[in-house]
Amino acid sequence: MSDEITPPPAPIAGAEGTTPRQYGRRALMLGAISASAIISIRPALAQTSASVMACEVPVPDAGRAGSAIAADGSVVPRGTPGSFAANGRVFKAADVKRAMSGGQLPGTDYDTNRAYMSYIRKLQSGTSGFTCFASLQMPRG
């Protein structure tokens, strides 16, 4: 037997007073916390995707109901030559998404569809339907 005393293991840099065993335990706890965060976030993202597909885009917005949509997507007075009556049409997100991919909005012909989609693409923050349209453009993970 030797009279030498073995020094305790050196603490890990930046963790004064923490032994490697304690450091490993902390790392495992952080891993468990991260895993539970991921498990709880995924259903929330799925729910968000479902709610996005349930939103609606009115054409035109309620503040301009009774107006028509010009071929370039601008809102014009009803009866303007070359415009399309909108009559406060409301399209579901799924319909708009399909039209963004080359499909057609329900109940529209080619020219009306182009005018309505031009209007939708021009929506700005604060306009009814903007948040719905913006969320359709966000990539899903």
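Just so you know, these numbers come straight off a predicted model, no measurement behind them.

Rules used throughout
- Every chain's residues receive numbers from 1 upward, in the order its sequence appears when written.
- Reporting of local features is limited, given that this is a predicted model, to residues whose pLDDT is at least 70; pairs of side-chain atoms are given and counted only at 80 or more, and all residues count toward the totals for whole chains, interfaces and linings.
- Note: side-chain values were computed over all heavy atoms of the structure, leaving out hydrogens and water.
- For helices the rule is a DSSP run of H or I covering at least 4 residues; for strands it is a run of E covering at least 2, with both sets numbered from the N terminus onward.
- Each residue is assigned to one of three classes by its accessible area relative to the maximum for its type, calculated with a 1.4 Å probe on protein chains only: buried under 20%, partly exposed between the two thresholds, exposed over 50%.
- Should any heavy atoms of two residues lie within 4.5 Å, those residues are counted as being in contact.
- For the area figures, the Shrake-Rupley method with a 1.4 Å probe applies, and any residue is considered shielded solely by the protein chains shown.
- A pair of strands is labelled paired if DSSP reports no fewer than 2 bridges between them.
- Throughout, nonpolar core names a set of buried Ala, Val, Leu, Ile, Met, Phe, Trp, Tyr and Cys residues whose side chains join them through atoms within 4.5 Å.

**Focus: the overall build of the protein chain**
Okay, step 1: For the protein chain, the helix and strand inventory stands at 4 helices and 5 strands.
Okay, step 2: Of the regular secondary structure in the protein chain, the N- to C-terminal order runs α-β-β-β-β-β-α-α-α.
Okay, step 3: Out of the 141 residues in the protein chain, the part that is buried amounts to 28%.
Okay, step 4: Long-range contacts, defined here as pairs at least 24 residues apart, represent 55% of the contacts in the protein chain between residues at least 6 apart.
Okay, step 5: About 9,500 Å² of surface is accessible on the protein chain, with carbon and sulfur atoms providing 59% of the total.

**Quick notes on the sheet that holds strand β4 (residues 84–85)**
Okay, step 1: Taken in spatial order, the 3 strands of this open sheet run β3-β2-β4, and their pairing is antiparallel. Looking at strand neighbours, the two that pair on one side only are β3 (75–76) and β4, the edges of this open sheet.
Okay, step 2: By the bridge criterion, 2 bridges tie strand β2 (residues 68–69) to β3 in an arrangement that is antiparallel. Within the sheet, the bridge partner assigned to Ile 69 lies in β3 and is Val 75.

**Overview of the nonpolar core**
Okay, step 1: Counting residues in each nonpolar core, the largest one holds 20 residues, and the members touching the most others are Val 59, Ile 69, Val 96, Leu 105, Tyr 116 and Ile 120.
Okay, step 2: Looking at this core, the elements with two or more residues in it are β1 (56–59), α2 (93–100), α3 (110–121) and α4 (130–137).
Okay, step 3: Broken down by element, the residue count for this core peaks at 5 residues, all from α3.
Okay, step 4: Non-local contacts of Leu 105, meaning those with residues more than four positions away in its chain, are made with Phe 91, Asp 95, Val 96, Ala 99, Asn 113, Tyr 116, Met 117 and Ile 120.

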